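Breakdown of the fold
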Amino acid sequence: MRYAIISDIHSNLEALTAVCNDIEQQDVDEILCLGDIVGYGPDPNECIDMVKSICSVIITGNHDYACLERSEIEYFNVFASQSIFWTVEVLSDSALLFLSQLPFQENVENFKLVHASPDSPSIWNYILTLDQAIYNFSYFDEQMCFIGHTHKPVIYAETAEKDYHLERKKNIEIEEDKRYLINVGSVGQPRDSNTAASYAILDTDRMEYALMRVVYDFHKTQKKMVDSNLPNFLIERLASGR
Ligand code: ZN
């Protein structure tokens, strides 16, 4: 099977549309979504509709969950919480119902999907260091676990001898005696100093993984965010990829 894996769309319809167009050229069997469909950006309903129509598996992210559980917002910074309040105002009833039905984790073939970290899928811990990754390898039994949340693509690997390292390449062969914890980056708000939308292709027949980047017109998204009075900080970061 050949999968596209998308994460952290954040109501950015231009980035999501560009990624969908790219995926159409990739001959995939299924598209999987790791959550944070909404939050930050200007088109939450449209992004939910598109994700719903193209993805076979969808899990929830902390921004999706915060639209339903107001207590979650206290963990957000001021810009993120402003955007959640705005998002809740504009979301349709059917969109809110859809978000309320999303699971925290799913399994597909020999891999796991979770938004933030496998140790506690509903707590939203960040995996930003090799040490944090090593700790999390003991919380999944599958060969691979795919995550989003930090908006920074990265591949952590565990060898049969329980040695751990970062894979420096963007495209790797999945080796039979290794396990992997892989962050696919963000479609709608990349933070690795690259403004292009990020997603991944996983081919479980060839055992290959590839990180994909797609340039999109973020100026259009920024203009919509200005028109919707969303925070400047969130508008500007799309142009710096931070
Ligand atoms: Zn996110």
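Just above sits the structure.
Numbering of residues begins from 1 in every chain and follows the order in which that chain's sequence is written. Totals for whole chains, interfaces and linings use every residue, but because this is a predicted model, local features are given only for residues with pLDDT of at least 70 and side-chain atom pairs only at 80 or more, for both listing and counting. Hydrogen atoms and water are omitted, and side-chain values are computed over all heavy atoms in the structure.

1. Some remarks on the coordination of the zinc ion
Heads up, the condition is: Shown as donors are all N, O and S atoms within 2.8 Å of a metal ion, widened to 3.2 Å for Na, K and Ca; because water is not in the atom set, sites may appear incomplete. Partly exposed residues are those whose accessible area sits between 20% and 50% of the maximum for their type, while under 20% is buried and over 50% is exposed, using a 1.4 Å probe and protein chains only.
Within the protein, the zinc ion binds to Asp8 (OD), His10 (NE2), Asp36 (OD) and His151 (NE2); these donor distances fall in the range 2.0 to 2.4 Å. As a motif over one chain, the donors of the zinc ion read D-x1-H-x25-D-x114-H. Overall, Asp8 belongs to the buried group, its relative accessible area being 0%.

2. A word on the environment of Tyr209
What counts here: By definition, any uninterrupted DSSP run of H or I lasting at least four residues is a helix, any uninterrupted run of E lasting at least two residues is a strand, and each is numbered from the N terminus. Residues count as neighbours in contact if any of their non-hydrogen atoms are within 4.5 Å of one another.
Relative to the helices and strands, Tyr209 resides in strand E12 (residues 208-214). Taking the relative accessible area as the measure of exposure, Tyr209 reaches 2% and is therefore buried. Each C-alpha atom, one on Tyr209 and one on His63, is 27 Å from the other, the two residues being 146 residues apart in sequence. Aside from chain neighbours lying at most four places away, what touches Tyr209 is Phe146, Ile155, Lys170, Asn171, Ile172, Ile174, Ile182, Asn183, Val184, Ala200, Ile201 and Leu202.

3. A few points about the side chain of Ser7
Relative to the helices and strands, Ser7 resides in the loop between strand E1 (2-6) and helix H1 (13-24). Not counting residues within four places of it along the chain, the set of residues in contact with Ser7 comprises Leu34, Gly35, His115, Gly148, His149, Val184, Gly185, Ser186 and Val187.

4. Here we look at helix H7 (residues 218-227)
As a reminder of what qualifies: What the arc measures is the spread of directions leading from the helix axis to the C-beta atoms. Distance and chemistry together define a polar contact, namely a pair of N or O atoms within 3.5 Å, with one atom able to donate a hydrogen and the other to accept it when in protein, and with adjacent residues in sequence counting only for side-chain atoms on both sides.
Within H7, burial applies to Phe218, Thr221, Gln222 and Met225. One side of H7 holds all its buried residues, which, seen down the axis, span an arc of 100 degrees. Turned more than 90 degrees off the buried face of H7, the exposed positions are His219, Lys223 and Asp227. Contacts from the buried residues of H7 go to H1 and helix H8 (232-240). The backbone nitrogen of His219 lies 3.2 Å from a side-chain oxygen of the residue at the head of H7, namely Asp217. Trailing H7 by a residue or two, Asn229 shows a phi angle of about 60 degrees, which is positive.

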